[in-house]
Amino acid sequence: WDRLLEFPVKEPHEFVDRLEALWKKGKGMGDFSELVAITKEPDNYKRTVVGIILKILGIKGGVDLSMDTEIPLGSGLGSSAAFSLACAAAISKAYGMELPRERINQLAFEAERLVNGNPSGADNTACCYGGIMHFQRGEPNIIKPVEFHPEVQDGFLLVMSRTHKRSTGELV
């Protein structure tokens, strides 16, 4: 990705319908590789995220988005989840919807599901609520902030990244 993302998404519903059919097929087979092969392409990825959000919100049109990011794609830092959350928040706001954080998180999870096949929900939850979270997948999911010792609380977090990129959809 370039740092600045500018792209129009028009009439994404047919594309999303096709991907939802592939997701159902992948779920039945326990293999989302066909879906991930399509959604890992940057333009398809963006169309998927924006398209599913528009569809879930019942918006028939499209949207033009511009986004500035410094999170490297495929770095394990939740870039796709952050993108999904930003899109859900921006699209809902652009269409006059004041959605609670829980609903924005749910929209981002649905986008992540369609992009990656079987995400845990941890990335979008951590991005949505901030900080470092304990996340346990289940019915319902368990989400708790991680508390640090007071001496560590004002410290810093060091993030090291390898040059090898990974896709959540291929790993989960």
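Here's what I pulled together on the structure shown here. This structure is a prediction, so every number in the text was calculated from the model and none was measured. (Residues numbered from 1 in each chain as written. Predicted model: local features only at pLDDT ≥ 70, side-chain atom pairs only at ≥ 80, totals over all residues. Heavy atoms only, no water.)

Moving on: the overall build of the chain. Helix and strand counts for the chain come out as 8 helices and 4 strands. Secondary structure elements of the chain occur, N-terminal to C-terminal, as β-α-α-α-β-α-α-α-β-β-α-α. In the chain, which comprises 172 residues, the proportion classed as buried is 38%. With an accessible surface of roughly 10,500 Å², the chain has 53% of that area assigned to carbon and sulfur atoms. (Helix = DSSP H or I, 4+ residues; strand = E, 2+ residues; numbered from the N terminus. Buried < 20%, exposed > 50% of the residue type's maximum accessible area, 1.4 Å probe, protein only. Areas by Shrake-Rupley, 256 points an atom, 1.4 Å probe, with all protein chains shown as cover.)

Summed over all chains, the structure comprises 6 salt bridges. Lys55 is the salt-bridge partner of Glu20, the closest N and O atoms lying 2.6 Å from each other. Here Lys55 lies in helix α3 (residues 42–56) and Glu20 lies in helix α1 (residues 13–29), a separation of 35 residues in the sequence. In this structure, Asp43 engages Lys46 in a salt bridge whose closest nitrogen and oxygen atoms are separated by 3.6 Å. Within this pair, Asp43 and its partner Lys46 are both found in helix α3, separated by 3 residues, close to a single helical turn. In the salt-bridge network here, residues are joined through shared partners; they are Asp17, Glu20 and Lys55. (Salt bridge = Lys/Arg side-chain N within 4 Å of Asp/Glu carboxyl O.)

A few words on the pairing of strand β4 (residues 142–145). Across 4 bridges, strand β3 (residues 133–136) lies against β4 in antiparallel orientation. Looking across to β4, one finds that Met133 is bridged to Pro145. Joining the antiparallel neighbours β3 and β4 is a turn of 5 residues. (Pairing = 2+ DSSP bridges.)

For the rest of this paragraph, the subject is the nonpolar core. Ranked by internal contacts, the top residues of the largest apolar core, which has 32 residues, are Leu19, Val49, Val50, Ile53, Cys87 and Ile91. For this core, the secondary-structure elements that each account for two or more residues are α1, α2 (33–39), α3, β2 (63–68), α4 (79–94) and α5 (101–116). Not counting the four nearest positions on each side in its chain, Ile91 is found in contact with Val50, Ile53, Leu54, Leu57, Ile59 and Val63. (Core = buried A, V, L, I, M, F, W, Y, C linked by side-chain atoms within 4.5 Å. Contact = heavy atoms within 4.5 Å.)

Let us look at the environment of Glu147. Its location among the elements puts Glu147 in the loop between β4 and α7 (150–153). On the basis of relative accessible area, Glu147 is assigned to the exposed category, the value being 66%. For the pair Glu147 and His134, spaced 13 residues apart in the sequence, the C-alpha separation amounts to 9.6 Å.

Turning our eyes to something else, we now look at a nonpolar patch on the surface. A contiguous nonpolar surface patch, about 230 Å² in accessible area, is contributed by Ile132, Val146 and Phe148. Following the sequence through the fold, Val146 ends up in the loop between β4 and α7. (Patch = residues over 30% accessible without salt bridge, like charges linked within 9 Å, V, L, I, M, F, W, Y side chains within 5 Å.)

We now examine α1. In this model α1 runs 24 Å from its N-terminal to its C-terminal C-alpha over 17 residues, within 8% of the 24 Å that 1.5 Å per residue would give. Among the residues of α1, those classed as buried are His13, Phe15, Val16, Leu19, Leu22, Trp23 and Gly26. Residues of α1 that are buried sit in contact with α2, α3 and α5. (Expected span 1.5 Å × (residues − 1).)

Turning our eyes to something else, we now look at the side chain of Thr125. The topology assignment puts Thr125 in helix α6 (residues 122–129). A relative accessible area of 2% means that Thr125 is categorised as buried. Not counting chain neighbours up to four residues away, the residues in contact with Thr125 comprise Asn105, Gly130, Phe135 and Ile143.

Moving on to the packing of aromatic side chains. Aromatic rings considered in pairs are described by the distance between their centres and by the relative angle of their planes. Under the defined criterion, the tally for this structure stands at 2 aromatic pairs. Arranged with centres 5.3 Å apart and planes meeting at 40 degrees, the rings of Tyr45 and Phe83 form a pair that is tilted. Note that Tyr45 is positioned in helix α3 and Phe83 in helix α4, a separation of 38 residues in sequence. Looking at Tyr45, the relative accessible area reads 6%, which means it is buried. We note Arg47 situated over the ring of Phe15; from NZ or CZ to the ring centre the distance is 3.8 Å. (Phe/Tyr/Trp six-rings, centres within 6.5 Å; stacked < 30°, edge-to-face > 60°. Lys NZ or Arg CZ within 6 Å of the ring centre and 35° of its normal.)

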